[in-house]
Amino acid sequence: MSIPFNKPYMTGKELWYISQAHHRGMLAGDGHFTRQCHTWLESQTGCHKALLTHSCTAALELAALLTDIGPGDEVIMPSYTFVSTANAFVLRGGVPVFVDIRPDTLNLDETKIEAAITDRTRAIVPVHYAGVGCDMEAIMDIADRYDLLVIEDAAQGLMATRNDKALGSIGHFGTLSFHETKNVISGEGGALLVNDERFVERAEIVREKGTNRSQFFRGQVDKYTWIDVGSSYLPGELIAAFLLAQLEEATEITRRRLDVWQQYHEGFEGLEGKGLLRRPKRPAECQHNAHMYYLLVENLDVRTALIQYLKEKGVHAVFHYVPLHSSPAGIRYGRFDNDLLVTDAIGDRLLRLPLFVGLEDAPLIVDLIENFF
Ligand SMILES: *Cc1c(COP(=O)(O)O)cnc(C)c1O
């Protein structure tokens, strides 16, 4: 038996759409397929404007440019996240300020944000871990009171909601990932969701090398020129064609992932009852998207032994982030004032199980883990 951690799901329509893009003969960005992806994302999430990017990393960089983060400006974020959450702001000279996470959802602990705010704080970047929403009501309230911008790292959050609002559509900006390891994919890929309409015009310009080319193509100006800082953040049409095929199946993909997730969740109820592990927790306000199934075990030794045991049985389980505040670059570029006790503990105890569309062996994996204990 050999069960990979992830297996990218193809809907079957990707090559057909790519062949259409080929036939149209327009391969640069912002053509027919990109526009359709934008429309889909705008209607699905309710964001004001969606813009495809090369990756979620690129969308975060774009957001960092749009929020005018400069040297010494502070950005509050969790330490338990992917490097791009921090890197995007460090590239502008910003300082990531790491705040601890909540023990239940492993999301930024909103009750610890205010203590980390200084005169230099400019933005908050909540990360919706495993597609479970952060407490955005509390976070937006803090942002309002301190006049901060909020960029949701919703890389894992497509098709998930909090109080019926799509993750990524609640802050001033949201960023999505379509990386091969996410639920809906285009190999590499991402999107910036602009929710605050004040930023739309500039977002289009920064994404198009600092030019007003988007306005030119819509006939709003008669020539295009360099008007702001910017870079090339837009993917070509072949990627957008692939992505559209995936977006059109997003509801079905999510449903099938939720099925697998639920099998795990029911399967592990007994072991949780015996206190041998902890299952993921979701607040009632959150509808998640089955991005991930993780377990929290007692300590690093148990986790290492369990990963090894599963490996011997042909099941590829993995751990997750090395907390950024303990990484070499996190120490060099970031800051944290208080102990990140939950973050430190979780980093060593979390184990992710295989989860992909078409996985039929969840009950078998549950049995193996029961045997292990
Ligand atoms: C995957 C991920 C990213 C990076 O996404 P890319 O599209 O690979 O750039 C950023 N943040 C989080 C939380 C992620 O899970």
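Please read all numbers here as calculations on a predicted model, not as lab measurements.

**Student:** What's the story with the packing of helix 3 (residues 56-66) against helix 4 (residues 83-90) in this structure? I'm lost.
**Tutor:** As a packed pair, helix 3 and helix 4 sit with axes 8 Å apart at the nearest point and diverge in direction by 35°. In the crossing of helix 3 with helix 4, the sense of the turn from one axis to the other is right-handed. Contacts from T57, L60, E61 and A64 in helix 3 reach S84, T85, A88 and F89 in helix 4. Within the contact of helix 3 with helix 4, the residues separate by chemical class into 4 nonpolar, 3 polar and 1 charged.

**Student:** Is there a simple way to think about the layout of surface pockets in this case?
**Tutor:** Taken as a whole, the largest pocket spans an internal volume of roughly 610 Å³. If you trace the largest pocket, you find 32 residues lining it, with F82, T181, K182, H320 and Y321 closest to the centre. When residues of the lining of the largest pocket are traced back to their parent elements, those giving at least two are helix 3, helix 4 and strand 12 (350-353). Looking at which element gives the most residues to the lining of the largest pocket, the answer is helix 3, with 3 residues. Counting contributing residues, the lining of the largest pocket receives three or more from each of domain 1 (14-247) and domain 2 (250-372). Computed from the structure, the second largest pocket encloses a volume of approximately 360 Å³. D30, R35, S214, F217 and R218 are, among the 18 residues lining the second largest pocket, the residues nearest its centre. Counting residues per element, the ones that place at least two in the lining of the second largest pocket are helix 2 (32-45), strand 1 (49-53), helix 6 (200-207) and helix 7 (213-217). In terms of residue count, the dominant contributor to the lining of the second largest pocket is helix 2 (4 residues). Its residues placed into classes, the lining of the second largest pocket shows 4 nonpolar, 5 polar and 9 charged.

**Student:** Honestly, the sheet that holds strand 6 (residues 161-162) in this entry has me stumped. Any pointers?
**Tutor:** What holds strands together in a sheet is hydrogen bonding between their backbones, with the strands either parallel or antiparallel. Pairing in this open sheet of 3 strands is antiparallel, and the strands run 7-6-10 from one edge to the other. The open sheet has two edge strands with one neighbour each: strand 7 (165-166) and strand 10 (286-287). Here 2 bridges tie strand 6 to strand 7, and the two strands are oriented antiparallel to one another. Paired with T161 across the two strands is A166, which belongs to strand 7.

**Student:** Looking at this model, I keep getting lost on helix 2. Mind explaining?
**Tutor:** In an α-helix, one turn spans 3.6 residues; hence positions three or four apart end up facing the same way. Compared with the 20 Å implied by 1.5 Å per residue over 14 residues, the 20 Å span of helix 2 between its first and last C-alpha is a close match. G46 sits one or two residues past helix 2 and shows a positive phi near 75°.

**Student:** Even after reading the chapter, I still don't get the environment of G330, so can you show me in this structure?
**Tutor:** With respect to the secondary-structure elements, G330 resides in helix 12 (residues 328-333). Along the backbone, G330 and G210 are 120 residues apart, and their C-alpha atoms lie at a distance of 30 Å. For G330, the contacting residues outside a window of four places in its chain are F98 and L324.

**Student:** Help me out: how do you make sense of the nonpolar core in this one?
**Tutor:** Here is a general trend for soluble globular proteins: nonpolar side chains tend to be buried in one another's company. F89, I151 and L192 are the most contacted members of the largest nonpolar core, which totals 32 residues. When contributions to this core are tallied by element, the ones reaching two or more residues are helix 3, strand 2 (74-78), helix 4, strand 5 (149-153), strand 9 (190-194) and helix 6. Ranked by residue count, the leading element in this core is helix 3, at 9 residues. Setting aside residues no more than four positions away along its own chain, F89 makes contact with A64, T67, I69, V75, M77, G94, V125 and I151.

**Student:** What is the right way to read the site of the ligand from this model?
**Tutor:** What surrounds the ligand is a group of 15 residues, the closest being T57, D153, Q156, S177 and K182. Interatomic distance of 2.5 Å between a side-chain N/O atom of T57 and an oxygen atom of the ligand. The contact in question runs from an oxygen atom of the ligand to an N or O atom on the side chain of S177, over 2.7 Å. Summarising the interface, the protein chains cover 93% of the accessible area of the ligand, which totals 390 Å² for the free molecule. In this structure, the ligand is accommodated by the largest pocket.

The rules behind the values
- Residues numbered from 1 in each chain as written.
- Predicted model: local features only at pLDDT ≥ 70, side-chain atom pairs only at ≥ 80, totals over all residues.
- Heavy atoms only, no water.
- Axes fitted to C-alpha atoms, helices over the stretch in contact; angles between N-to-C directions.
- Helix = DSSP H or I, 4+ residues; strand = E, 2+ residues; numbered from the N terminus.
- Left-handed = near helix turned anticlockwise from the far one by under 90°.
- Contact = heavy atoms within 4.5 Å.
- Nonpolar A, V, L, I, M, F, W, Y, C, P; charged D, E, K, R; others polar.
- 1 Å grid on protein atoms, 1.4 Å probe; cavity = no way out; pocket = protein on both sides within 12 Å on 5 of 7 lines; lining within 4 Å.
- Points joined across faces, edges and corners; volume = space filled by probe spheres on them.
- Domains from an automatic or database assignment.
- Pairing = 2+ DSSP bridges.
- Expected span 1.5 Å × (residues − 1).
- Core = buried A, V, L, I, M, F, W, Y, C linked by side-chain atoms within 4.5 Å.
- Buried < 20%, exposed > 50% of the residue type's maximum accessible area, 1.4 Å probe, protein only.
- Near = heavy atom within 4 Å.
- Polar contact = N/O pair within 3.5 Å; in protein donor to acceptor, adjacent residues only side chain to side chain.
- Areas by Shrake-Rupley, 256 points an atom, 1.4 Å probe, with all protein chains shown as cover.
- Sits in = over half its atoms within 2 Å of the grid points.

Keep in mind that these numbers describe shape and distance, not what the molecule does.
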